[in-house]
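Letter by letter, the chains look like this.
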Amino acid sequence: MTDIQQQIRTLAREKNAIIMAHFYQRPEVQEVADFIGDSLALAQQAANTDAKIIVLCGVHFMAETAKILCPDKLVLIPEPKAGCSLADSCQADDLRAWKEQHPDHYIVSYVNTSAAVKALTDVVVTSSNALKIVRTIPADKPVLFGPDHNLGAYISQQTGRELTLWNGACHVHSRFSAEALLALKREHPGAPVLAHPECKQIILNLSDVIGSTQALLSYVKNHPDMREFIIATESGVIHEMRKAVPEATFIPVPPEIPEGNTKDGLLPQGVGCMCNECEYMRMVTLDKLRDCLLHESPAVDVDPEIAKQAIIPIQRMLELS
Ligand code: 13P
Ligand code: SF4
């Protein structure tokens, strides 16, 4: 452990804080976490922890979910500006307006949403449990699934059920290049393609395993004899995969080069990086984590009225998971 990592561990112990990290966090941040998981596991862990303080190394909606589940705990986020393009693609006012026009619909919201959107939701899902939960909804009930269009289309295809889909997407998962993936499959014919369901349909059609970050990691752990895997999700997850099977090679699928991009890697406005890293997730650094533990700030707060509504569909999800 480096000095700063040791400082972080000491502070966490002294303050009775649990450090939770998503699989997309920088490797050095994952290394100091007490718990690393996918969105569902982070929510479950938050709901069950005895720690006095929760430090959520992830994006804002993850910390908000932890705060809704643990209103009496101090929930810290090392970088409060770490947002999520997918959560941003569904604003509460737009969903409210939609609901008013379609009062009969059951609202299924992906966990990648703000607390205000969750407060308007009937049940929250993650990529781990969306299939299972959608199957519990009575067949005659019309369903709005949002905000991720790709995940919704995948769930609709798997369940054979018509869903009305919100037109949102994650900028990282929707930019993987199908052409590059086809080339990788030709170069590495024995390597299974592991994809997150937030990827576009064309990527999912070319994949062998589709699942949440935890499901993809479990696939690797269950196939320790394989030597190559092609990965179509945020590359942070490769850190745990490599630890599980150090002899294997993990090949990340590259993104499409946006039109107008130059050979020197100059990016068009609004595109944060040319790799498959989520720049929001990567905003959390060891320095920010140490400082946030030291100063017990920035804390995440959720309006109590919104939290009172938002906890209902989150708890429904936890019960159905
Ligand atoms: P998981 O639920 O698989 O952890 O995914 C979260 C996420 O943000 C994917 O982009
Ligand atoms: Fe949001 Fe996409 Fe980043 Fe996941 S990878 S946190 S969905 S922006």
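Parameters at a glance
- Residues numbered from 1 in each chain as written.
- Chains lettered and ligands numbered in written order.
- Predicted model: local features only at pLDDT ≥ 70, side-chain atom pairs only at ≥ 80, totals over all residues.
- Heavy atoms only, no water.
- 1 Å grid on protein atoms, 1.4 Å probe; cavity = no way out; pocket = protein on both sides within 12 Å on 5 of 7 lines; lining within 4 Å.
- Points joined across faces, edges and corners; volume = space filled by probe spheres on them.
- Helix = DSSP H or I, 4+ residues; strand = E, 2+ residues; numbered from the N terminus.
- Nonpolar A, V, L, I, M, F, W, Y, C, P; charged D, E, K, R; others polar.
- Polar contact = N/O pair within 3.5 Å; in protein donor to acceptor, adjacent residues only side chain to side chain.
- Contact = heavy atoms within 4.5 Å.
- Buried < 20%, exposed > 50% of the residue type's maximum accessible area, 1.4 Å probe, protein only.
- Near = heavy atom within 4 Å.
- Sits in = over half its atoms within 2 Å of the grid points.
- Arc of directions from axis to C-beta.

### A closer look at empty space enclosed by the protein
Move 1: In total, this model carries three cavities of 30 Å³ or more according to the counting rule given.
Move 2: Empty space within the largest cavity amounts to approximately 260 Å³.
Move 3: If you trace the largest cavity, you find 28 residues lining it, with Tyr 24, Asn 112, His 173, Glu 198 and Met 281 closest to the centre.
Move 4: Every element with two or more residues in the lining of the largest cavity is listed here: α3 (39-48), α4 (60-69) and α5 (85-88).
Move 5: In this model, the second largest cavity occupies a volume close to 60 Å³.
Move 6: Lining the second largest cavity are Ser 39, Leu 42, Ala 43, Phe 61, Met 62, Thr 65 and Val 111.
Move 7: Secondary-structure elements contributing two or more residues to the lining of the second largest cavity are α3 and α4.
Move 8: For the lining of the second largest cavity, the class distribution of residues is five nonpolar, two polar and no charged.

### Concerning the side chain of Lys 15
Move 1: Relative to the assigned elements, Lys 15 resides in the loop between α1 (3-14) and β1 (17-22).
Move 2: A polar contact is formed between the side chain of Lys 15 and the backbone oxygen of Leu 293, at a distance of 3.3 Å.
Move 3: The contacts of Lys 15, once residues within four sequence positions are left out, are Lys 52, Ile 53, Leu 293, Leu 294 and Glu 296.

### Examining α3
One turn of an α-helix holds 3.6 residues; hence residues three or four places apart share an orientation.
Move 1: Every buried residue belonging to α3 is among Ser 39, Leu 40, Ala 41, Leu 42, Ala 43 and Ala 46, and all of these are buried.
Move 2: The secondary structure elements touched by the buried residues of α3 are β1, β2 (35-37), β3 (53-57), α4 and α15 (304-320).

### So, the site of ligand 2
Move 1: If you check the shell around ligand 2, you find Tyr 24, Val 59, Cys 84, Ser 85, Leu 86, Asn 112, Cys 170, His 171, His 173, Glu 198, Cys 278 and Met 281 and nothing else.
Move 2: If you map ligand 2 onto the pockets, it falls in the largest cavity.
Move 3: In the shell around ligand 2, the residues fall into seven nonpolar, four polar and one charged.

### A closer look at helix α6 (residues 92-101)
Move 1: All of the buried residues along α6 are Ala 92, Leu 95 and Trp 98. All buried residues of α6 lie within an arc of 125° about the axis, which places them on one face of the element. Residues of α6 that are exposed and angled more than 90 degrees away from the buried face: Asp 93, Glu 100 and Gln 101.
Move 2: Packing partners of the buried residues in α6 comprise β5 (106-110), α7 (115-118), β7 (143-146) and β8 (164-165).

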